Number of protein chains: 2
Amino acid sequence: MRWDDLDKQPCSLARTLSVVGDRWTMVILRDCFLGVRRFDEFEKRLGITRHVLAERLRKLVDHGVLYKTPYQQKPVREEYRLTDKGLELHPVVMALVHWGDTHMADERGAPIVHVHKQCGQVMQPVTVCSCCGEPVTARDIRVETGSGWQDLAKELLP
Amino acid sequence: MRWDDLDKQPCSLARTLSVVGDRWTMVILRDCFLGVRRFDEFEKRLGITRHVLAERLRKLVDHGVLYKTPYQQKPVREEYRLTDKGLELHPVVMALVHWGDTHMADERGAPIVHVHKQCGQVMQPVTVCSCCGEPVTARDIRVETGSGWQDLAKELLP
DNA sequence: TAGGTTGGGTTCCTTTTTGGAACCTGTCAA
DNA sequence: TTGACAGGTTCCAAAAAGGAACCCAACCTA
């Protein structure tokens, strides 16, 4: 399978990765969540080549994850901002950062910490069950085929 | 910057992506979480080329995300399993799947659902604050430089 | 005992993607 | 008039992915 066909897979993870799963997109989105908005600022911070950056930004705009909005006229200059759809990638970013903090940090600890505005504390993201509110780990989960997909059950699960 | 230098960045997200951030690794890990363990089963399910698969599995083993263990002698055959470090990527997988369910699903709905064994319900992952237990979104978070990184504060944040 | 199958790869070659640098286009300021 | 700035695009070389074929040890089976 070509990577380009990922979005046709009957798998939400594959479809998500077809948008954010290439080498640079998540790093661009990290900067978006930090408040970076302009082309040249992305370029400076990421050290990514301009034409890959331009293409990734275009793709994120096409998918409705970012939108362009002018911040000056004459000449028109536009900046990139997260849409609501983009903001909803925050749990993904938090989970990636948390794993890195736990498993890839050096003796200096986490480069960046997250403060929860409501409680004022430095926080780690915890994934809980939407029904009972208890923390969930991989071992607490059983996977089943979705109700619209019974016919593909044998293909979806090993 | 080359993508290969991501792991040297003072950023936990970049370091995490240096392990799981290429085109196929997360899809391989999705299958690991579904219980796939053998080379040929990965190949059949993913339709990925054998040599990319072999390289990705090797890299995940090198990083301690998977380990190889024999399931028969004569001839020795080994399978790949998630280590504890690998199991801790579960929140990342859940967050990616949830975003896909929300934003990339078709009329048939989620191909796969997650049942929380403890409460028996189909669940969605919710990210909450480790201190106060309240759900957090992007707008609830303020970012600060980690205590070991004050000297780099100007570089880390825009 | 020849021939095929299975699991788990490696090799080789072609096509796509990146990386890196240079170039283009309005607008403004010196 | 030259230069800077923001935001790209173009071009070419280098690296990675895709696809097919090959390898090998140990079975199985006719």
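Caption draft 1: Quick peek at the overall build of chain A. Regarding its fold elements, chain A presents seven helices and six strands. If you line up chain A on its principal axes, its C-alpha atoms span 55 × 40 × 30 Å. In chain A, buried positions account for 47% of the 158 residues. Here chain A displays about 7,700 Å² of accessible surface, and carbon together with sulfur accounts for 46% of that area. Both charge centroids of chain A, one from 23 positive and one from 22 negative side chains, sit 6 Å from each other.

Caption draft 2: How the structure looks around the domain arrangement of chain A. Residues and elements named next belong to chain A. Taken domain by domain, chain A holds domain 1 (1-88) and domain 2 (91-158). Together, P10, M26 and E88 form the three largest contributors to the area buried by domain 1 at its contact with domain 2, with a combined 62%. Counting across the interface, domain 1 meets domain 2 through zero salt bridges. On the surface where domain 1 and domain 2 come into contact, there are zero residue pairs in polar contact (both at pLDDT 80 or more).

Caption draft 3: Main features of the interface of chain A and chain B. Taken together, the contact between chain A and chain B spans 96 residues of the former and 97 residues of the latter. On the chain A side of the interface with chain B, the three residues burying the most area are W99, R108 and P111 of chain A, jointly 9% of the side's total. Where chain A touches chain B, the interface holds six salt bridges. One salt bridge connects D151 of chain A with R108 of chain B, and the closest N-O pair in it is separated by 2.7 Å. Between chain A and chain B we count 46 residue pairs in polar contact (both at pLDDT 80 or more) in total. Residue contributions to the side of chain A that touches chain B peak at 13 residues, all from helix 6 (residues 90-103) of chain A. Classifying every residue of the side of chain A that touches chain B gives 54 nonpolar, 21 polar and 21 charged.

Caption draft 4: View of the pairing of strand 5 (residues 125-129) of chain A. Within strand 5 of chain A, four of the five residues are buried, leaving the element largely enclosed by the surrounding structure. Direction of pairing for strand 5 of chain A relative to strand 5 (residues 125-129) of chain B: antiparallel, over a ladder of five bridges. Bridging across to strand 5 of chain B, T127 of chain A finds its partner in T127 of chain B.

Caption draft 5: Highlighting the protein's contact with DNA strand D. As a matter of local geometry, DNA strand D sits amid 25 residues, with R50, Y71 and Y80 of chain A together with R56 and K74 of chain B nearest to it. Near-protein atoms of DNA strand D (within 4 Å) split between backbone and bases, with sugar and phosphate holding 69%. Separating a phosphate oxygen of DNA strand D from a side-chain N or O atom of D4 of chain B is a distance of 3.5 Å. Contributions of two or more residues to the surface near DNA strand D are made by helix 3 (39-46), helix 4 (50-62), strand 1 (66-72) and strand 2 (77-82) of chain A together with helix 4 (50-62) of chain B. When residues in the surface near DNA strand D are grouped by element, the largest group, four residues, is from helix 4 of chain A.

Caption draft 6: Just the sheet that holds strand 3 (residues 112-116) of chain A, in detail. The strand order across the open sheet built from three strands is 4(A)-3(A)-6(B), with neighbouring strands paired in antiparallel fashion. Both outer strands of the open sheet, strand 4 (122-123) of chain A together with strand 6 (141-145) of chain B, are each paired with one neighbouring strand and no more. Against the sheet, helix 6 of chain A makes contact with strand 3 and strand 4 of chain A together with strand 6 of chain B, and its axis sits at roughly 130° relative to strand 3 of chain A, the strand it touches most.

Reading the values: rules and limits
- Residues numbered from 1 in each chain as written.
- Chains lettered and ligands numbered in written order.
- Predicted model: local features only at pLDDT ≥ 70, side-chain atom pairs only at ≥ 80, totals over all residues.
- Heavy atoms only, no water.
- Helix = DSSP H or I, 4+ residues; strand = E, 2+ residues; numbered from the N terminus.
- Buried < 20%, exposed > 50% of the residue type's maximum accessible area, 1.4 Å probe, protein only.
- Areas by Shrake-Rupley, 256 points an atom, 1.4 Å probe, with all protein chains shown as cover.
- Lys, Arg positive; Asp, Glu negative; His and termini not counted.
- Charge placed at Lys NZ, Arg CZ, Asp CG, Glu CD.
- Domains from an automatic or database assignment.
- Buried area = accessible area lost by both parts, 1.4 Å probe.
- Salt bridge = Lys/Arg side-chain N within 4 Å of Asp/Glu carboxyl O.
- Polar contact = N/O pair within 3.5 Å; in protein donor to acceptor, adjacent residues only side chain to side chain.
- Contact = heavy atoms within 4.5 Å.
- Nonpolar A, V, L, I, M, F, W, Y, C, P; charged D, E, K, R; others polar.
- Pairing = 2+ DSSP bridges.
- Near = heavy atom within 4 Å.
- Axes fitted to C-alpha atoms, helices over the stretch in contact; angles between N-to-C directions.

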